[in-house]
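Okay, here's what each chain looks like letter by letter:
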Amino acid sequence: MAKDLFMKMMRNDNVNVKTFLDYYERLKILALSRFEWVNLPPTCNERFLERVLFENGVACFCKHKVNDGLINLRVTPSAEMNVYEESVGYTAYSVGYSEYYESDEIVIVRNNYLSRCTEETISLFAWRLAELERTTDINITAQKTPVIIRCNEKERLTFKNLFNQYDGNAPVIYGTKSLDMDSMKVYKTDAPYLVDKLTEQKRQVWNDALSFLGINSNPSANKRERLITDEVNSNNEQLSTMINACLSTRQQAVKELNEKFGLNVEVRLRELPDTEIPEMKEGENNE
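Predicted model only: the values in this text are computed from it and were never measured. (Residues numbered from 1 in each chain as written. Predicted model: local features only at pLDDT ≥ 70, side-chain atom pairs only at ≥ 80, totals over all residues. Heavy atoms only, no water.)

Caption draft 1: Spatial organisation of the pattern of salt bridges. In total, this model carries 14 salt bridges according to the counting rule given. Among the ionic pairs, E55 bridges to R51, the shortest N-O distance being 3.4 Å. Of this pair, E55 and R51 both sit in helix 2 (residues 46–56), four residues apart, which is roughly one turn of the helix. Residue R51 is classed as partly exposed on the basis of its relative accessible area of 24%. (Salt bridge = Lys/Arg side-chain N within 4 Å of Asp/Glu carboxyl O. Helix = DSSP H or I, 4+ residues; strand = E, 2+ residues; numbered from the N terminus. Buried < 20%, exposed > 50% of the residue type's maximum accessible area, 1.4 Å probe, protein only.)

What follows is the structure in structure tokens.
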């Protein structure tokens, strides 16, 4: 019995971790796909750049000390601060490479004005979504088996096997002649059905996560009433503010990058289908 309990706990923990990672990776993919870097030199890597900004909140462009090609790497301050509390020297690094650069030799790219990574907030959203998902699983299981079985100790294994058949959706359960049904008593737990409420809450958390990323989730689409102009425009304004908080710091880095290295790099929002609600004229409604 102790072994069975342990194995069940291990299975539950495994599902918990997988559920969290599933939501985390879904949101991470969306986060990494928001921006498009145009005209980057072939020695640079857009995917790695966005991943570093997602994980660390700050990245850099610099010239490779050996082959002189422009590369984008992870970065950490490695010298004293100036009056604006910015380092006058940095260490650019990644797998197999680590070099010190003066601040005028390097271009710092910030994920936002706080140099804060996206990963921490996405992890919180993924945890909340996983908690709601697993609670939904438990509530669904409670609808299927909302019972407590009392029986003689000698027949515990027998009734456990019968219950496993029931739990496995067996259409017919067979018992032996010696099975004493009178020694068994079943108590219903009558677990309330909460799946609809949990699903709605999960949808709200998911929409909040998308709004944080600046992606239009159309949160009012599930309402019965029609969307009005003010609701749509307010939602679009909030999304624009969130996404521009990250876009503006990238554009500042691009400006410095082009001036320092004579390039023509651009960064812009990636065009994704069905991510925006078009602005509506006064008096128009949209379902």
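Caption draft 2: Structural context of the confidence of the model for the protein. In this model, the protein carries an average pLDDT of 83, and 72% of its residues clear a pLDDT of 70 or more. Note on residues 274–287: pLDDT under 50 across the span, and 26 contacts to partners over four residues away in sequence or across chains. (pLDDT = per-residue confidence, 0-100. Contact = heavy atoms within 4.5 Å.)

Caption draft 3: View of the packing of aromatic side chains. Within this structure, the stated rule accounts for five aromatic pairs. Through a chain of ring-to-ring contacts, the aromatic side chains of F20, Y24 and F54 assemble into a single cluster. The residue whose ring lies beneath K65 is Y101, and the NZ or CZ to ring-centre distance is 4.5 Å. A cation over a ring is seen here: R128 above F125, with NZ or CZ 5.8 Å from the ring centre. (Phe/Tyr/Trp six-rings, centres within 6.5 Å; stacked < 30°, edge-to-face > 60°. Lys NZ or Arg CZ within 6 Å of the ring centre and 35° of its normal.)

Caption draft 4: Spatial organisation of the sheet that holds strand 6 (residues 106–110). Spatial strand order, 5-4-3-2-6: five strands in an open sheet with antiparallel pairing. Of all strands in the sheet, those with a lone pairing partner are strand 5 (97–102) and strand 6, marking the two edges. Across the sheet, the mean angle separating the axes of adjacent strands is 40° when strand polarity is ignored. Bridge count between strand 2 (residues 58–63) and strand 3 (residues 70–77): four bridges; the pairing is antiparallel. What sits directly across from C62, in strand 3, is I71. (Pairing = 2+ DSSP bridges. Axes fitted to C-alpha atoms, helices over the stretch in contact; angles between N-to-C directions.)

Caption draft 5: Local environment of the state of the cysteines. Inspection of the entire model under this criterion finds zero disulfides. The thiol sulfur of C44 is not disulfide-bonded, and the nearest other cysteine sulfur, from C62, lies at 8.9 Å. On the basis of relative accessible area, C44 is assigned to the buried category, the value being 12%. (Disulfide = S-S within 2.5 Å.)

Caption draft 6: Geometry of the pairing of strand 2. For strand 2, a buried count of five out of six residues is recorded, marking the element as mostly surrounded by other parts of the structure. With five bridges connecting them, strand 2 and strand 6 associate as antiparallel partners. Residue C60 lies in a different strand from strand 6, and its bridge partner there is I108. The loop that links strand 2 with its antiparallel partner strand 3 comprises six residues; one of these, D68, has a positive phi angle of about 70°.

Caption draft 7: Highlighting helix 5 (residues 195–213). Spanning 19 residues, helix 5 covers 27 Å between terminal C-alpha atoms, matching the ideal 27 Å at 1.5 Å per step. Directly beyond the C-terminal end of helix 5, a positive phi value near 80° is found at G214. (Expected span 1.5 Å × (residues − 1).)

Caption draft 8: Region of the structure containing empty space enclosed by the protein. Within the structure shown, the criterion is met by one cavity of 30 Å³ or more. Estimates place the volume of the largest cavity at around 30 Å³. A31, L32, R34, E50, L53, F54, N111, T118 and R250 together form the lining of the largest cavity. Counting only elements with at least two residues in the lining of the largest cavity, the list comes to helix 1 (2–32) and helix 2. (1 Å grid on protein atoms, 1.4 Å probe; cavity = no way out; pocket = protein on both sides within 12 Å on 5 of 7 lines; lining within 4 Å. Points joined across faces, edges and corners; volume = space filled by probe spheres on them.)

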